[in-house]
Amino acid sequence: MGAFYVEYEYWIAAFQLATAMLGMGATLRLKDFRDLALTPMPVALGLVVQLVAVPVMAFLFLRLLGVQDGVAVGIAIIAAIPGGTISNIFTFLARGNITLSISITGLTTIACLLTTPLILGLLMQDNLPADFAMPTGEIVNDILFILLLPLALGMLYLFMYPNSAPNFSKWCIRASLFGILLIVLGSLAAGRVDLVAYGIDNIILLVLFTLLLAGTAWLTPVLMRLNRPDASAVGFEVVIRNVNLGVMLKATMFPAAAASQLGDTVLFTLLFYGGLMFAVAPLFLWLYKRGDRERPNSA
């Protein structure tokens, strides 16, 4: 299993991401984006937080705490990727504005064609080997053909076959979850996820970065006085990153076949953050639902 994963890491990550994007696309209509134009404030806030605030906070976090090497590269990738499709699921469970959540995910996914290479270049330049050449062209191709093309095909499927689209989306998401399972099991079998080797100091740094994103996700909508459904949509978009895209970008920049400590640390950072965000998201869900229960009593 470990040798198979090392050989096919990129394609496993690509399969997982493409199926997830197909599934999300099959829930999106063009009118969803048009409707949000009538009330642009929530979606504009979501885009600004995702594309500007999160990268700026990552930059300050890396500089002020002196984070270096693979952990710094991993955090840079987390900051450069958009929100993930799972944010839409948590928004739905929180009775949030699911249309807003899906639209922010879709728009930031489209924008990352330009923003991701730019943010990566700015945040990673001090933590890469001197002979490392950023594969910007390959990253753009990955985003275009494995992220945006499946998203567009999913939307086309919904347009042509609206009755079967929900079932199609469900099976695509299931396939993407299977891809995640392959990535986790393959990394473990290849000995590339080692908690002891990662180090307690790095774990603390990543926990602090997760708490920083969580605080931003909670406070920003409150300060901007968004209503509760919109606030939950924006909040989950900040916390739930598209770690699957991060794993694919890692596979492009640091192929498993060319084993390196830097690449392994980057992968562990991404996977560990994925676990942390799944720990934070249920807490958000509980807080939002608790707020709903208390609101009538305070009226």
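This section reports on the structure supplied with the text.

What counts and what doesn't
- Residues numbered from 1 in each chain as written.
- Predicted model: local features only at pLDDT ≥ 70, side-chain atom pairs only at ≥ 80, totals over all residues.
- Heavy atoms only, no water.
- Helix = DSSP H or I, 4+ residues; strand = E, 2+ residues; numbered from the N terminus.
- Buried < 20%, exposed > 50% of the residue type's maximum accessible area, 1.4 Å probe, protein only.
- Contact = heavy atoms within 4.5 Å.
- Areas by Shrake-Rupley, 256 points an atom, 1.4 Å probe, with all protein chains shown as cover.
- Axes fitted to C-alpha atoms, helices over the stretch in contact; angles between N-to-C directions.
- Parallel < 35°, antiparallel > 145°, perpendicular 65-115°, else oblique.
- Left-handed = near helix turned anticlockwise from the far one by under 90°.
- Nonpolar A, V, L, I, M, F, W, Y, C, P; charged D, E, K, R; others polar.
- Polar contact = N/O pair within 3.5 Å; in protein donor to acceptor, adjacent residues only side chain to side chain.
- Core = buried A, V, L, I, M, F, W, Y, C linked by side-chain atoms within 4.5 Å.
- Phe/Tyr/Trp six-rings, centres within 6.5 Å; stacked < 30°, edge-to-face > 60°.
- Lys NZ or Arg CZ within 6 Å of the ring centre and 35° of its normal.
- Patch = residues over 30% accessible without salt bridge, like charges linked within 9 Å, V, L, I, M, F, W, Y side chains within 5 Å.
- Salt bridge = Lys/Arg side-chain N within 4 Å of Asp/Glu carboxyl O.

Of the regular secondary structure elements, the protein chain holds 13 helices and 0 strands. The secondary structure elements of the protein chain, listed N-terminal to C-terminal, are α-α-α-α-α-α-α-α-α-α-α-α-α. Evaluated residue by residue, the protein chain yields a buried proportion of 52% over its 299 residues. Excluding contacts between residues fewer than 6 apart, the proportion of contacts in the protein chain whose partners are at least 24 apart in sequence is 87%. Put simply, the protein chain shows about 13700 Å² of open surface, and 69% of that area lies on carbon and sulfur atoms.

Glancing now at the packing of helix H6 (residues 98–124) against helix H7 (residues 136–160). In the contact formed by H6 and H7, the axes pass within 9 Å of each other and the chain directions differ by 160 degrees. In terms of orientation, H6 and H7 fall into the roughly antiparallel class. Considering the relative orientation of H6 and H7, their crossing is right-handed. The segment H6 lies against H7, with Thr109, Ile110, Cys112, Leu113, Thr116, Pro117 and Leu120 engaging Thr136, Ile139, Val140, Ile143, Leu144, Leu147, Leu148 and Leu151. Per-class residue counts for the contact of H6 with H7 are 12 nonpolar, 3 polar and no charged.

Our next topic: the environment of Glu237. Mapped onto the fold, Glu237 is located in helix H11 (residues 228–239). Separated by 147 residues in sequence, Glu237 and Phe90 place their C-alpha atoms 9.5 Å apart. Non-local contacts of Glu237, meaning those with residues more than four positions away in its chain, are made with Gln50, Gly83, Gly84, Ser87, Asn88, Ser101, Ile104 and Thr105. There is a polar contact of 2.4 Å between the side chain of Glu237 and the side chain of Ser87.

Within the sequence span of helix H5 (residues 86–93), burial applies to Ile86, Ser87, Asn88, Phe90 and Thr91. Following H5 by one or two positions, Arg95 adopts a phi angle in the positive range, close to 60 degrees.

Note on soluble globular proteins: their nonpolar side chains tend to be buried together. Among the nonpolar cores identified, the biggest contains 83 residues, and Ile75, Ile77 and Phe236 are the most heavily contacted of them. Tallying contributions element by element places helix H13 (residues 261–298) first for this core, with 13 residues.

Moving on to the packing of aromatic side chains. Describing an aromatic ring pair means giving the distance of the ring centres and the angle of the ring planes. Using the criterion set out here, one finds 10 aromatic pairs in the structure. Seen from their ring centres, Phe268 and Phe272 are 5.8 Å apart, and the 20 degrees between their planes marks the pair as stacked. One end of the pair is Phe268 and the other is Phe272, both in helix H13 and 4 residues apart, which spans about a single turn. Classification of Phe268 as buried rests on a relative accessible area of 5%. One residue, Arg174, lies across the ring of Trp171, its end atom 4.5 Å from the ring centre.

Notably, Arg95 is not glycine yet its phi reads approximately 60 degrees, a positive angle. Considering the arrangement of structural elements, one finds Arg95 in the loop between H5 and H6. One non-glycine residue, Arg225, adopts positive backbone phi at about 55 degrees.

Running from N to C, helix H4 (residues 69–80) and H6 point in directions that differ by 150 degrees, and their axes come no closer than 9 Å. As the angle between them shows, H4 and H6 are arranged roughly antiparallel. As for the relative orientation of H4 and H6, their crossing is right-handed in sense. Contact residues: Val73, Ala76, Ile77, Ala79 and Ala80 in H4; Thr116, Ile119, Leu120, Leu123 and Met124 in H6.

This part covers a nonpolar patch on the surface. On the surface, a nonpolar cluster with roughly 1000 Å² of combined accessible area is contributed by Val48, Val52, Val56, Phe59, Leu60, Leu64, Leu65, Ile200, Ile204, Leu208 and Leu211. If you list the elements that add at least two residues to the nonpolar patch, you get helix H3 (40–65) and helix H10 (200–223). With respect to the element layout, Ile204 can be found in helix H10. Looking at Ile204, the relative accessible area reads 44%, which means it is partly exposed.

Note that every value here comes from positions in space, so none of it alone points to a role or purpose.
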